[in-house]
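Coordinates in review
In case you want the letters, here they are:
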Amino acid sequence: QVQLVESGGGLVQPGGSLRLSCAASGVTFSEYNMGWYRQAPGKERELVAGITTGGNTYYAYSVKGRFTISRDNAKNTVYLQMNSLKPEDMAVYYCNRDDRVFGRRFNWGQGTQVTVSL
């Protein structure tokens, strides 16, 4: 049973930074491309950043230059460093497989809330 546990969210002022972590268990983590997704109220879940097994990265246009995804296969963990946060970044953030060809996903974790506000 694959389990994904996201952490690191919180309340931050515009322009601030947060670092999210996602710990995976029950899976050979290094074999999968991974991604960070977010879902804002009333909106669909969207992929904001992805990282391949080889370390190549992808960023949605809205976060490019501000967010950095990384992974530590030894710790079965994927990270998302978020800088220059904007109110429109406010959402629940999730990690999961980045499989844009077949859309395969593990069971979703509980996510971590990011709130950007004064």
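The following refers to the structure shown. Quick caveat: nothing in here was measured; it's all calculated off a predicted structure. (Residues numbered from 1 in each chain as written. Predicted model: local features only at pLDDT ≥ 70, side-chain atom pairs only at ≥ 80, totals over all residues. Heavy atoms only, no water.)

This paragraph deals with the sheet that holds strand E4 (residues 34-39). The strands making up a sheet associate through backbone hydrogen bonding, with each pair oriented either parallel or antiparallel. An order of E2-E10-E9-E4-E5-E6 is seen for the six strands of this open sheet, with the pairing classed as mixed. In the strand order of this sheet, the two ends are held by strand E2 (10-12) and strand E6 (57-59), each with one partner. Between one strand axis and the next, the sheet turns by 25° as a mean value, whatever way the strands run. Note: strand E9 (residues 91-97) against strand E10 (residues 112-116), three bridges, orientation antiparallel. Note that in E10 the partner of Ala 91 across the bridge is Val 114. (Pairing = 2+ DSSP bridges. Helix = DSSP H or I, 4+ residues; strand = E, 2+ residues; numbered from the N terminus. Axes fitted to C-alpha atoms, helices over the stretch in contact; angles between N-to-C directions.)

With seven of seven residues buried, E9 is to be regarded as a mostly interior element. In this sheet, E9 lies alongside E4 in antiparallel orientation, the contact comprising six bridges. Residue pairing in the sheet places Met 34 in a bridge with Arg 97 of E9. (Buried < 20%, exposed > 50% of the residue type's maximum accessible area, 1.4 Å probe, protein only.)

Attention now goes to the packing of aromatic side chains. This model, assessed by the stated rule, comprises three aromatic pairs. Here Tyr 37 and Trp 108 contribute two aromatic rings whose centre-to-centre distance is 5.2 Å and whose plane-to-plane angle is 85°, an arrangement assigned as edge-to-face. One end of the pair, Tyr 37, is in strand E4; the other, Trp 108, is in the loop between E9 and E10, with 71 residues separating them in the sequence. Overall, the relative accessible area of 5% leaves Tyr 37 in the buried class. By relative accessible area, which is 33% here, Trp 108 ends up partly exposed. Judged by centre distance (5.7 Å) and plane angle (80°), the ring pair of Tyr 94 and Trp 108 falls under edge-to-face. Of the two residues, Tyr 94 sits in strand E9 while Trp 108 sits in the loop between E9 and E10, which places them 14 residues apart along the sequence. We classify Tyr 94 as buried; its relative accessible area is 12%. In textbook terms, an aromatic cluster arises when at least three aromatic residues are bridged by ring pairs, as seen for Tyr 37, Tyr 94 and Trp 108. The residue whose ring lies beneath Arg 45 is Tyr 94, and the NZ or CZ to ring-centre distance is 4.2 Å. (Phe/Tyr/Trp six-rings, centres within 6.5 Å; stacked < 30°, edge-to-face > 60°. Lys NZ or Arg CZ within 6 Å of the ring centre and 35° of its normal.)

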